[in-house]
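Notes for the structure review
The primary structure of each chain is shown beneath.
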Amino acid sequence: MATIAKRGADVSEVQRLRTDLAVLRQVPRDQARALPAAFYTSREYLEFEREALFRTQWICLGHIGAIPNVGDYFTAELVDEQLLIVRDTTATVRVLSNVCRHRGSPVATLSAGHAARFVCGYHGWTYALDGRLLAAPLIKDGEHFSKAACRLPQFASEIWQGYIFVNLDGAAPPLGAALSPIEPYIRNYHPSEQQFLYEAQEVWQTNWKCLVENFMEGYHLSPLHAKTLHPVTPTGLCEKLPDGDAFTGYRYIFGFVLLFLDLLFLISVKDSRYYREPYAVEYQ
Ligand code: FES
Ligand SMILES: [Fe+2]
């Protein structure tokens, strides 16, 4: 069994856990163990993950079916960034900053809606659906301000199989190429043709990894979902998918395939409470 780094008073919590993780990643598969508790409870490590993962990777915000028409929008929060996801007049889906360029009020205050333009409620600055500033009441262009040069910042976004992803720092490599190895597994479900019918949100009082890890495995289906999932997808007929760099999951060996992807789990991440509070897990 691998040796975990000794706890040193001069080693930060994050550095220590990263060293531990590097050791754990080398452990042979048949010796694998659950991560030590600190990975789920350390506030310092959670803060590190927010910056090193949620700000730098592609994060799924929702499905394009939630904003089918020009002017449809929804708002989201991701690592404290306020986001405005909108379909503009060219039917392009954009992920804009939902922070007014004047004094920082939210441009859209509802969780979802439809608008011809966005008018900030504080002083009335008005933005087009693509983020351009259209009007700033009583303020004239001058040497140091130009309406034409002012707009809501836009984040890098990509649509994969109907799902809207954002990359906050704009430096991640293209998402589609990273996920292409999984397409043979889901091709028969025609995901890009699927319709958005409804959404539900749950807030789990737990560290975000508990959800991701739960949706990675079918091991718990028979014991925990004895009356619901077990009759159709018993644990004994689940198998792990071959891992990719950008995905993991499991499938049902016979009949139809149930596929739970890490990335698609994040479809519901519209609220950073999911990863803000690293409470201990409480199963009921
Ligand atoms: S803060 Fe938006 S118009 Fe002033
Ligand atoms: Fe489950």
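Here's what I pulled together on the structure shown here. For clarity, every value in this text was computed on a predicted model and none was experimentally measured. (Residues numbered from 1 in each chain as written. Chains lettered and ligands numbered in written order. Predicted model: local features only at pLDDT ≥ 70, side-chain atom pairs only at ≥ 80, totals over all residues.)

The next subject is the overall build of the protein chain. Per the secondary structure count, the protein chain includes nine helices and twelve strands. Buried positions account for 23% of the 284 residues belonging to the protein chain. Across the protein chain, every contact between residues at least 6 apart in sequence was considered, and the portion connecting residues at least 24 apart equals 51%. (Helix = DSSP H or I, 4+ residues; strand = E, 2+ residues; numbered from the N terminus. Buried ≥ 20, exposed ≤ 12 C-beta atoms within 10 Å, placed from the backbone. Contact = placed C-beta atoms within 7 Å.)

Here the focus is the sheet that holds strand E6 (residues 118-119). If you walk across this open sheet you meet the three strands as E6-E7-E8, and the pairing is antiparallel. Two strands in the sheet have a free side with no partner beyond their single neighbour: E6 and strand E8 (133-135). Bridge count for E6 against strand E7 (residues 126-127) is two bridges, and the pairing is antiparallel. The residue bridging Val119 from the neighbouring strand is Thr126, located in E7. (Pairing = 2+ DSSP bridges.)

Positive phi values are uncommon outside glycine, yet Leu138 reaches one of about 70°. When the 7 C-beta atoms within 10 Å are taken as the criterion, Leu138 is described as exposed. At His190, a residue that is not glycine, the phi angle is positive and equals roughly 45°. Looking at where His190 falls in the secondary structure, it is placed in the loop between helix H5 (183-186) and helix H6 (208-216).

Moving on to the nonpolar core. Grouped together as the largest cluster of nonpolar side chains are 34 residues, with contacts concentrated most on Leu61, Ile85 and Phe165. The set of elements that each furnish at least two residues to this core consists of strand E1 (59-63), strand E2 (72-78), strand E3 (81-87), strand E4 (93-97), strand E10 (163-167) and helix H4 (175-179). Those residues within four positions of Phe165 in sequence are excluded, and the remaining contacts are Trp58, Ile59, Cys60, Leu61, Ser157, Glu158, Trp160 and Leu175. (Core = buried A, V, L, I, M, F, W, Y, C linked by C-beta atoms within 7 Å.)

Glancing now at the sheet that holds E10. Strand order in the open sheet made by the seven strands is E1-E10-E9-E4-E3-E2-E5, with antiparallel pairing throughout. Since the sheet does not close on itself, it has two edges, and those belong to E1 and strand E5 (112-114), each with one partner. Across the sheet, the mean angle from the axis of one strand to that of its neighbour is 30°, orientation sign disregarded. Taken together, the five bridges between strand E9 (residues 154-160) and E10 define a ladder with antiparallel strand orientation. Looking at E10, one finds that Ala156 is bridged to Asn167. (Axes fitted to C-alpha atoms, helices over the stretch in contact; angles between N-to-C directions.)

So, about helix H3 (residues 43-54). Those residues of H3 that sit buried are Tyr45, Glu49 and Phe54. Down the axis of H3, the buried set is contained in an arc of 110°. They therefore lie on one face. Residues of H3 that are exposed and angled more than 90 degrees away from the buried face: Arg43 and Glu51. (Arc of directions from axis to C-beta.)

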